Amino acid sequence: IAWNNTLLRDSAGHIIGTVSIGEDITERQKIEQMKNEFISIVSHELRTPLTAIRASLGLLQTGIYEKKPDKLKRMIEIAAIDSERLVRLVNDILDLERLDSARAVLEKTTCKASDLIRQAVEAVQAIADRQQIAFDIHPTDIEVWAASDAIVQTLINLLSNAVKFSPVGSTITVSVEPQIDRALFQVRDRGRGIPADKLEAIFGRFQQVDASDSRDKGGTGLGLAICRSIIERHGGRIWAESSLGAGSTFFFTLSLQQEA
Ligand code: ADP
């Protein structure tokens, strides 16, 4: 707490007391500190692919690869892969910022849960052709009160993680079921699993179980943070359970009907 002291004087200028105003700056400082950390990680994350792109282009400019078409091809490949990564990063960062700002309104309507799941599965099937996504929805007539695009985005993030961290040919199950006053969604994979001490941390920004996850799998470490923001803005909860080597299940809840 920061104290601001003011002396009180009488008409002759004698001190007759003090007024102390205390301001709780801990919360403000915490937010400021989190912002600074975020900016420093973002700068680092953006600088890495940019440096690779600049190095590749620099080498191309020198013309030294004209006689070595293989290396020329590799340089262009690196520049292309890293520019795609930059685009993903910038898009994810902007999505998170938009979700965190109070200005962004999520327009909620009544949505059929099975439609949301079907849209997400279709979007992911393009990248998951080597994998099967089993479709397990019952009952199909559940309706939730939600911003449909944001929930489809959440499901796409969870499903593409399931695909990324599962062996070829394994089954991914997505389901929704009604509970007393809410709908419970589940995305389950039989992949490598997540260590117990990371189950909560992975929902943080730029948190990955393995430092190589971003390089090898093309992730940004922001996908689950975006999911958490979206679900919390719906008043729901999102969490994960896992057993190492046997697979993971991601759960989230949404309101079944319009809030009064
Ligand atoms: P990324 O872009 O790296 O996938 P996410 O925020 O979506 O970022 O996920 C953070 C990390 O959580 C991943 O890098 C991975 O280490 C771990 N993770 C997420 N989903 C799964 C899953 N289904 N199976 C195993 N690990 C997962």
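If you're wondering where the values come from, they're calculated on a predicted model, not measured in any experiment.

> What is the right way to read the layout of surface pockets from this model?
By rolling a water-sized probe across the atoms, one finds the places where empty space is left. For the second largest pocket, the calculated volume is near 650 Å³. What lines the second largest pocket is a set of 22 residues, and nearest its centre among them are Met34, Lys35, Phe38, Asp100 and Arg205. Of all the elements in the fold, those that place two or more residues in the lining of the second largest pocket are helix H1 (26-62), helix H2 (69-100) and helix H6 (223-233). In terms of residue count, the dominant contributor to the lining of the second largest pocket is H1 (nine residues). Broken down by class, the residue content of the lining of the second largest pocket amounts to eight nonpolar, four polar and 10 charged.

> Looking at this structure, how should I read the confidence of the model for the protein chain?
As a note on interpretation, predicted positions should not be read in detail where pLDDT is low. Averaged over every residue, the pLDDT of the protein chain is 85; residues scoring 70 or more account for 93%. Both scores are given for the predicted complex: the pTM is 0.80, the ipTM 0.97.

> I would appreciate a short explanation of the pairing of strand S8 (residues 238-243) in the present structure.
If a strand is regular, its side chains alternate between the two faces of the sheet. As defined by bridge partners, S8 adjoins strand S9 (residues 247-255) across six bridges and the pair is classed as antiparallel. Residue pairing for S9: alanine 240 is matched across the bridge by phenylalanine 250. The loop that links S8 with its antiparallel partner S9 comprises three residues; one of these, glycine 245, has a positive phi angle of about 85°.

> What should I look at first to understand the state of the cysteines in this one?
Covalent bonding between the sulfur atoms of two cysteines defines a disulfide. All told, the structure shown has zero disulfides when counted by the stated rule. Cysteine 227 supplies the cysteine sulfur nearest to cysteine 111, a cysteine that is in no disulfide, at a spacing of 16 Å. On the basis of relative accessibility, which here comes to 7%, the residue cysteine 111 falls in the buried class.

> Before we go on, may I ask you to explain the packing of helix H3 (residues 113-125) against helix H4 (residues 148-164) in this structure?
Angle between the axes and distance between the axes are the two parameters that describe a pair of packed helices. Two elements in contact, H3 and H4, have axes separated by 8 Å at closest approach and are oriented at 45°. If you check the angle between H3 and H4, you find them oblique. For the crossing formed where H3 meets H4, the hand is right-handed. Here H3 contributes Leu116, Ile117, Gln119, Ala120, Val121, Ala123 and Val124 to the contact with H4, which in turn contributes Ser148, Ile151, Val152, Leu155, Ile156, Leu159, Ser160 and Val163. Grouping the constituent residues of the contact of H3 with H4 by class yields 12 nonpolar, three polar and no charged.

> Explanation requested: H2 in the structure shown.
What sets the pattern is the α-helix's 3.6 residues per turn: residues three or four places apart point alike. Taking 1.5 Å of rise per residue, 32 residues should cover 46 Å, and H2 covers 47 Å from first to last C-alpha, within 8% of that figure. Residues of H2 that are buried: Met75, Ala79, Asp82, Arg85, Leu86, Leu89, Asp92, Ile93, Leu96 and Leu99.

> Teacher, can you tell me more about a nonpolar patch on the surface here?
Side chains of Leu8, Ile16, Val19 and Ile21 sit close together on the surface and give an oily, nonpolar patch of about 360 Å² of accessible area. Sorting elements by how many residues they give to the nonpolar patch places strand S2 (residues 15-23) first, with three residues. Relative to the helices and strands, isoleucine 21 is located in strand S2.

Here is what the cut-offs are and how they apply
Residues numbered from 1 in each chain as written. Predicted model: local features only at pLDDT ≥ 70, side-chain atom pairs only at ≥ 80, totals over all residues. Heavy atoms only, no water. 1 Å grid on protein atoms, 1.4 Å probe; cavity = no way out; pocket = protein on both sides within 12 Å on 5 of 7 lines; lining within 4 Å. Points joined across faces, edges and corners; volume = space filled by probe spheres on them. Helix = DSSP H or I, 4+ residues; strand = E, 2+ residues; numbered from the N terminus. Nonpolar A, V, L, I, M, F, W, Y, C, P; charged D, E, K, R; others polar. pLDDT = per-residue confidence, 0-100. Pairing = 2+ DSSP bridges. Disulfide = S-S within 2.5 Å. Buried < 20%, exposed > 50% of the residue type's maximum accessible area, 1.4 Å probe, protein only. Axes fitted to C-alpha atoms, helices over the stretch in contact; angles between N-to-C directions. Parallel < 35°, antiparallel > 145°, perpendicular 65-115°, else oblique. Left-handed = near helix turned anticlockwise from the far one by under 90°. Contact = heavy atoms within 4.5 Å. Expected span 1.5 Å × (residues − 1). Patch = residues over 30% accessible without salt bridge, like charges linked within 9 Å, V, L, I, M, F, W, Y side chains within 5 Å. Areas by Shrake-Rupley, 256 points an atom, 1.4 Å probe, with all protein chains shown as cover. Salt bridge = Lys/Arg side-chain N within 4 Å of Asp/Glu carboxyl O.

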